[in-house]
Amino acid sequence: MLPKPGFSATAKKDVVARIGVCTDLHQDIIYDAPRRLQAFINEMNQLKPDFIIQMGDFCTPKPENKIIMDIWNQFAGIKHHVIGNHDTDGGFTHDQVINFWNARDKYYSFDLNNYHFIILNGNEKGSGYEGYARTISVKQRDWLETDIANTNLPVIVFCHQPLDNDIGGIDQANWVRTIFDRANQQAGHIKVKLVVSGHHHLDWCNVYNGISYLQINSMSYQWMGDIPAHSHYSSEIENGHPSVKYTAPYTDPIWAFFTIYSDGTIGVKGRKTTFVTPSPQEMGAPKFHLGYSDVAYISDRVIK
């Protein structure tokens with residue numbers, strides 16, 4: 001499967017669109033989420049991308065989290081939201097979340113600068129597994145297939161949970177990947193180009209059938225499950241943040257900046273920081289997490 005005709009590797013590259021991307025802020029877990037989000041918004045207001053997008057696990061829709069929305073709304077341009085599995089913690093509904101965020105809908109699509117962008121909701125209820133809802137329903141999949149068929153533009157998809165695996169990602173993600181593969185076969189070129197996710201707080205890019213599946217690391221931390229942190233966090237725990245003892249925070253917030261070029265390539269500029277001591281390995285974490293190393297950065301990449 002080839003890139004869309006007209007995308008030349010030797011053609012002069014002009015900038016088509018620029019996008020600021022962050023995910024997994026976790027206002028309701030990390031103790032300094034406002035500081036982290038403010039750093040992102042400050043830089044986005046300087047860079048002035050075509051839009052910014054947060055990809056879930058942002059904040060629950062409770063009054064105490066208005067501080068997060070006030071910071072987010074400091075960005076003067078277009079803003080988009082993806083629902084994450086933790087955004088309904090405490091019994092909130094998807095409708096309450098999107099209303100609090102002033103988001104457009106639970107899932108939707110839009111065109112910008114000759115690209116078609118799709119935002120999915122991977123938090124619908126399914127069956128056959130325990131834990132958080134992580135299904136894309138038949139109704140949403142039917143909408144997705146029709147939506148892709150109705151555009152002639154190259155497609156970029158955002159979903160909180162990964163679609164390139166079923167381990168903690170979207171339940172039966174192969175169904176959704178089949179929709180993408182079928183759309184590309186029908187178009188005769190790589191129409192669905194890039195699928196972006198968060199959720200796992202990791203850093204990877206896999207390519208299946210010509211489609212890049214990009215995992216964006218958390219702004220804030222790696223989750224350590226039942227491994228408690230060292231006494232370094234005692235002050236945060238005493239100040240009302242008990243869940244922080246199960247995190248390995250990053251010293252500074254990290255995010256990604258996408259630049260889409262006229263030759264079809266997408267440049268991803270990440271950020272790097274360090275773990276606040278102790279690191280996951282110092283806390284006794286396994287060497288690999290879902291097959292990947294725990295890292296405090298987002299890699300620079302070129303998506304072709």
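Residues numbered from 1 in each chain as written. Predicted model: local features only at pLDDT ≥ 70, side-chain atom pairs only at ≥ 80, totals over all residues. Heavy atoms only, no water.

1. Topic: the overall build of the chain
Secondary structure summary: the chain contains six helices and 14 strands in total. With 304 residues in all, the chain has 54% of them scored as buried. When contacts within the chain are restricted to residue pairs at least 6 apart in sequence, long-range pairs at least 24 apart make up 70% of them. Split by element, the accessible area of the chain, about 13300 Å² in all, is 50% carbon and sulfur. (Helix = DSSP H or I, 4+ residues; strand = E, 2+ residues; numbered from the N terminus. Buried < 20%, exposed > 50% of the residue type's maximum accessible area, 1.4 Å probe, protein only. Contact = heavy atoms within 4.5 Å. Areas by Shrake-Rupley, 256 points an atom, 1.4 Å probe, with all protein chains shown as cover.)

2. Digging into the pattern of salt bridges
Enumeration over the complete set of coordinates arrives at 10 salt bridges. Among the salt bridges present, the one from Lys106 reaches Asp95, with a minimum N-O distance of 2.8 Å. On the criterion of sequence distance, the pair formed by Lys106 in the loop between helix 3 (94–101) and strand 4 (108–112) and Asp95 in helix 3 is long-range, its members being 11 residues apart. Classification of Lys106 by relative accessible area gives partly exposed; the value is 23%. Assessed through its relative accessible area of 41%, Asp95 is described here as partly exposed. Between Asp300 and Lys269 there is a salt bridge, and its shortest N-O distance comes to 3.2 Å. With a gap of 31 residues between them, Asp300 in the loop between strand 13 (266–269) and strand 14 (301–303) and Lys269 in strand 13 connect regions that are remote in the sequence. Judged by relative accessible area, which is 46%, Asp300 ranks as partly exposed. Each member of the salt-bridge network shares a partner with another, and the members are Asp32, Arg35, Arg36 and Asp252. (Salt bridge = Lys/Arg side-chain N within 4 Å of Asp/Glu carboxyl O.)

3. What about the sheet that holds strand 14?
By way of backbone hydrogen bonds, the strands of a sheet pair with one another, either parallel or antiparallel. Taken in spatial order, the six strands line up as 3-2-1-12-13-14 in an open sheet, and their pairing is mixed. The open sheet has two free edges, formed respectively by strand 3 (78–81) and strand 14, since each of these has just one partner strand. With strand direction ignored, the average angle separating the axes of adjacent strands in the sheet is 20 degrees. Sheet topology note: the strand 1 (residues 15–22)/strand 12 (residues 256–261) ladder contains six bridges and is antiparallel. Along strand 12, the bridge assignment pairs Ala17 with Ile260. (Pairing = 2+ DSSP bridges. Axes fitted to C-alpha atoms, helices over the stretch in contact; angles between N-to-C directions.)

4. Looking at helix 1 (residues 33–47)
Between its first and last C-alpha, helix 1 extends 21 Å over 15 residues, near the 21 Å set by a 1.5 Å rise per residue. Where helix 1 is concerned, the buried positions are Ala33, Arg36, Leu37, Phe40, Ile41 and Met44. Looking down the long axis of helix 1, one finds its buried residues gathered within 130 degrees of arc, a one-sided arrangement. Directly beyond the C-terminal end of helix 1, a positive phi value near 55 degrees is found at Lys48. (Expected span 1.5 Å × (residues − 1). Arc of directions from axis to C-beta.)

5. Quick look at the sheet that holds strand 6 (residues 155–158)
With respect to topology, six strands assemble into an open sheet ordered 4-5-6-7-9-8, the strand pairing being mixed. Looking at the sheet topology across the chains shown, the edges are occupied by strand 4 and strand 8 (204–208). Across the sheet, the axes of successive neighbouring strands diverge by a mean angle of 20 degrees, strand direction being ignored. By the bridge criterion, four bridges tie strand 6 to strand 7 (residues 192–197) in an arrangement that is parallel. Bridge pairing in strand 7 places Val157 opposite Val195. Across the sheet, helix 4 (residues 138–149) lies against strand 4, strand 5 (115–119) and strand 7, angled at about 175 degrees from strand 5, the strand it touches most. Seen against the sheet, helix 5 (residues 173–187) touches strand 6, strand 7 and strand 9 (211–215) and runs at an angle of roughly 145 degrees to strand 9.

Function cannot be read off these values alone, since they describe shape.
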